[in-house]
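Chain residues, written in single-letter form:
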Protein chains: 2
Amino acid sequence: MISIPEMIGYLAATLTTASFLPQAILTIRTKDTESLSLSMYSLFTLGVLCWLIYGIYIDDKAIIFANAITLVLAATILFCKIYNVLFKKG
Amino acid sequence: MISIPEMIGYLAATLTTASFLPQAILTIRTKDTESLSLSMYSLFTLGVLCWLIYGIYIDDKAIIFANAITLVLAATILFCKIYNVLFKKG
């Protein structure tokens, strides 16, 4: 049977990964990135990429899976932000 | 000596934790949370809290340390967002 710490770990991973979905949807829908920090999404996307590489290195499927999804979502938000910084205001 | 996967893991943890600092600073400075997703910061803050509890359960100081910092930063951003939703627009 799955232990309590394991259950909390899976819940934690699911929540932190899933949380970027509503932000990505909001950003794509409104195209508004004014109050999003470019530094945050640059560092975060790079960090998630490192987590993914780490997961591949230690061959941990949960880390690979969670961070592959987060990477797509965070990179989408980062792309919208960079686009707005370059071609629009904010 | 520290191994390459370990190094990438520490780099990943540092980047994803540190990334919320510029967002928290931007949010506190501008008070603008219009393009921040309330769902994202609600789910993310709860998720980070779960990571912290998980870290305490398995007694992993790195997980505790990284998520304690992220929790403070994410909760600060969430507080600003909730304040604006309740008392201002967006």
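This report concerns the structure included in the present document. Along each chain, residues carry numbers from 1 onward, in the same order as the chain's sequence is written. Throughout, the order in which chains and ligands are written sets their labels, letters from A for the former and numbers from 1 for the latter. Two thresholds apply to this predicted model, a pLDDT of at least 70 for residue-level local features and 80 or more for giving and counting side-chain atom pairs, whereas whole-chain, interface and lining totals are computed over all residues. In computing side-chain properties, one takes all heavy atoms of the structure into account and sets aside hydrogens as well as water.

Focus on the overall build of chain A
- Runs of H or I in DSSP of at least four residues are treated as helices and runs of E of at least two as strands, each being numbered from the N terminus. A count of helices and strands for chain A gives 4 helices and 0 strands.
- Scanning chain A from its N terminus toward the C terminus, one meets helices and strands in the order α-α-α-α.
- Seen along its three principal axes, the alpha-carbon backbone of chain A occupies a region of about 50 × 25 × 15 Å.
- Surface exposure here means Shrake-Rupley accessible area, sampled with a 1.4 Å probe, where a residue is shielded only by the protein chains that are shown. Within the structure as shown, chain A displays about 5,000 Å² of accessible surface, and the carbon and sulfur contribution to it stands at 74%.
- For chain A, the centre of its 6 positive side-chain charges and the centre of its 5 negative side-chain charges are spaced 17 Å apart. Counted as positive: Lys and Arg. Counted as negative: Asp and Glu. His and the chain ends are not counted at all. Note on charges: their place is set at NZ of Lys, CZ of Arg, CG of Asp or CD of Glu.

Thoughts on the relation of the copies chain B and chain A
- Superposing copies: least-squares fit, C-alpha atoms only, residues required to have pLDDT of at least 70 in both. Of the transformation placing chain B onto chain A, the axial shift is 0.0 Å and the rotation is 180 degrees, giving an RMSD of 0.0 Å. In short, the pair behaves as if placed about a two-fold rotation axis. Distance from the rotation axis, computed per C-alpha, reaches its smallest value in chain B at Ser35 of chain B: 2.7 Å.
- A symmetric contact is evident, with 100% of the interface residues of chain B recurring at the interface of chain A. A contact between two residues is defined here by any heavy atoms of the two lying within 4.5 Å.

Let's talk about the nonpolar core
- Residues belong to a common nonpolar core when they are buried Ala, Val, Leu, Ile, Met, Phe, Trp, Tyr or Cys residues joined through side-chain atoms within 4.5 Å. Burial classification: accessible surface area is computed with a 1.4 Å probe over protein chains only, and a residue below 20% of its type maximum counts as buried, one above 50% as exposed, and the rest as partly exposed. Residues Phe20 and Tyr41 of chain A together with Phe20 and Tyr41 of chain B are the most contacted members of the largest nonpolar core, which totals 26 residues.
- Discounting chain neighbours no more than four positions away, the residues touching Tyr41 of chain A are Phe20, Gln23, Leu36, Ala74, Ile77 and Leu78 of chain A together with Gln23 and Met40 of chain B.
- If you look at the next biggest cluster of nonpolar residues, it comprises 6 residues, including Ile8 and Ala12 of chain A together with Cys50 and Tyr54 of chain B.

Notes on a nonpolar patch on the surface
Residue and element names in this part refer to chain A.
- Residues Leu38, Phe79, Ile82, Tyr83, Val85, Leu86 and Phe87 make up a contiguous nonpolar surface patch of about 710 Å² in total accessible area.
- Per-element accounting of the nonpolar patch gives the leading share, 6 residues, to helix 4 (residues 61-87).
- Note that Phe79 resides in helix 4. A patch is a set of surface residues, each over 30% in relative accessible area and not in a salt bridge, joined within 9 Å for like charges and within 5 Å for the nonpolar side chains Val, Leu, Ile, Met, Phe, Trp and Tyr. When a carboxyl oxygen of Asp or Glu is within 4 Å of a side-chain nitrogen of Lys or Arg, the pair counts as a salt bridge.

What to know about the interface of chain B and chain A
- Residue-level contacts link 36 residues of chain B with 36 residues of chain A.
- Counting the surface lost from both chain B and chain A, the interface buries some 3,000 Å², and carbon and sulfur atoms represent 78% of this.
- Two parts placed together each lose some accessible area; with a 1.4 Å probe, that loss summed over both constitutes the buried area. Sorting the residues of chain B by area buried against chain A places Leu15, Ser35 and Met40 of chain B first, and these three jointly supply 19% of that buried surface.
- The interface formed by chain B and chain A includes 0 salt bridges.
- Distance and chemistry together define a polar contact, namely a pair of N or O atoms within 3.5 Å, with one atom able to donate a hydrogen and the other to accept it when in protein, and with adjacent residues in sequence counting only for side-chain atoms on both sides. Remark: the boundary between chain B and chain A carries 9 residue pairs in polar contact (both at pLDDT 80 or more).
- Elements supplying a minimum of two residues to the side of chain B that touches chain A: helix 1 (4-18), helix 2 (20-30) and helix 3 (38-58) of chain B.
- In the side of chain B that touches chain A, the residues fall into 24 nonpolar, 9 polar and 3 charged. Side-chain classes follow a simple rule in which Ala, Val, Leu, Ile, Met, Phe, Trp, Tyr, Cys and Pro form the nonpolar group, Asp, Glu, Lys and Arg form the charged group, and the remainder, Gly included, forms the polar group.

A few points about the packing of helix 1 (residues 4-18) of chain A against helix 2 (residues 20-30) of chain A
All names here are of chain A.
- Note on definitions: angles span 0 to 180 degrees between N-to-C directions of axes, and those axes are lines fitted to C-alpha atoms, for helices only across the stretch in contact. At their nearest, the axes of helix 1 and helix 2 sit 5 Å apart, and the two run at 5 degrees to each other. Put simply, helix 1 runs roughly parallel to helix 2. For the pair helix 1 and helix 2, contact is made by Thr16, Thr17 and Ala18 and by Phe20, Leu21 and Pro22, respectively.
- Split by residue class, the contact of helix 1 with helix 2 holds 4 nonpolar, 2 polar and no charged. In this scheme, roughly parallel covers angles under 35 degrees and roughly antiparallel covers those over 145, while 65 to 115 is roughly perpendicular and the rest are oblique.

Notes on unusual backbone geometry
- You will see that Asp59 of chain A, though not glycine, has its phi angle at about 55 degrees, which is positive.
- Looking at Asp59 of chain A, the relative accessible area reads 55%, which means it is exposed.

All quantities given are derived from atomic positions and should not be read as evidence of function.
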